[in-house]
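Fold and geometry: a report
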Amino acid sequence: MNKKSDIIYGIRTVIEAVKSGQHMERVFIQKSLKGDLYKELMIELHQTSTPISKVPVERINKFTKKNHQGVVALISPVQYHTLEHLVPKLYEEGKNPLILILDEITDIRNFGAIARTAECLGVHGIVIPSRGGAQINEDAVKTSAGAFNYLPVCREKNLLDAARFLQESGINIVSCSEKTKTTLDKVNFIGPTAIIMGSEESGISEELIQISNEVAKVPLTGAIESLNVGVAAGMALYEVQRQRTD
């Protein structure tokens with residue numbers, strides 16, 4: 001449960017907060033809600049790609065007993081970015097883009113640990129789905145050791161579209177997956193790169209693997225055939241920095 005200071009409630013209050021640029025981690029809306037204000041709220045939320053959950057009123061009552069009007073919003077501790085703004089900015093600043101795409105990483109601590117490693121190893125931005133991934137909450141921020149204060153996070157509706165946009169922007173897409181014989185050291189990471197990491201349960205979606213320019217894995221010699229995704233991400237990013245600093 002989020003602290004009371006992390007939530008706002010009431011239809012008009014949430015509408016005005018979104019209009020003012022406040023980023024929401026998720027908005028919970030009572031299933032039976034209707035009316036003109038509700039329609040206005042939905043327009044604002046869709047325009048900003050804010051994650052929405054339609055829930056029974058009992059769920060909303062767990063957040064607050066006050067007059068919530070069927071709407072409660074969790075305020076995000078970070079300001080989200082968009083790839084459409086981030087990528088051109090990186091090029092304008094003369095940077096060699098390194099982007100990390102997280103395909104439905106749901107474990108909060110893994111998420112935070114990956115962000116910490118990413119910031120330390122020169123990643124310029126993390127891309128997460130607006131639905132299906134871990135939220136950036138207090139635990140994630142704590143586990144990241146403050147990385148989210150420095151590392152832009154882009155919350156995208158569709159990771160496939162995001163990957164295609166990156167490719168159109170001259171960025172090489174590399175899926176880190178054990179479903180290949182190619183090891184990471186055989187991939188050229190010198191140019192603009194985006195690395196995709198998948199969840200430990202289902203890995204990277206087949207659609208993302210199919211459009212990737214490369215698929216590579218961490219070389220393993222032990223009996224256990226897979227690594228924790230946070231560890232694998234660290235090893236992949238280290239290989240990028242090794243190549244770029246040689």
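Residues numbered from 1 in each chain as written. Predicted model: local features only at pLDDT ≥ 70, side-chain atom pairs only at ≥ 80, totals over all residues. Heavy atoms only, no water.

Enumeration over the complete set of coordinates arrives at 8 salt bridges. E93 serves as the salt-bridge partner of K89, at 2.8 Å between the closest nitrogen and oxygen. When its relative accessible area of 44% is taken as the criterion, K89 is described as partly exposed. Salt-bridge contacts for R164 lead to D161; the nearest nitrogen and oxygen are separated by 3.5 Å. A residue pair is termed a helical-turn pair when its members lie 3 or 4 positions apart in one helix, as R164 and D161 do in helix α7 (residues 159–168) at 3 residues. Judged by relative accessible area, which is 37%, R164 ranks as partly exposed. Three or more residues joined by partner-sharing salt bridges are found here, namely R12, E16, K19 and E40. (Salt bridge = Lys/Arg side-chain N within 4 Å of Asp/Glu carboxyl O. Buried < 20%, exposed > 50% of the residue type's maximum accessible area, 1.4 Å probe, protein only. Helix = DSSP H or I, 4+ residues; strand = E, 2+ residues; numbered from the N terminus.)

Turning to the packing of aromatic side chains, a few remarks are in order. One pass over the full model with this rule turns up 2 aromatic pairs. Between F28 and F63 the ring centres are 5.1 Å apart and the planes differ by 40°, which places this aromatic pair in the tilted class. With F28 in strand β2 (residues 24–30) and F63 in the loop between α3 (57–61) and β4 (71–75), the pair connects residues that are 35 residues apart, well separated along the chain. Summarising the burial analysis for this pair, F28 and F63 share the class buried. (Phe/Tyr/Trp six-rings, centres within 6.5 Å; stacked < 30°, edge-to-face > 60°.)

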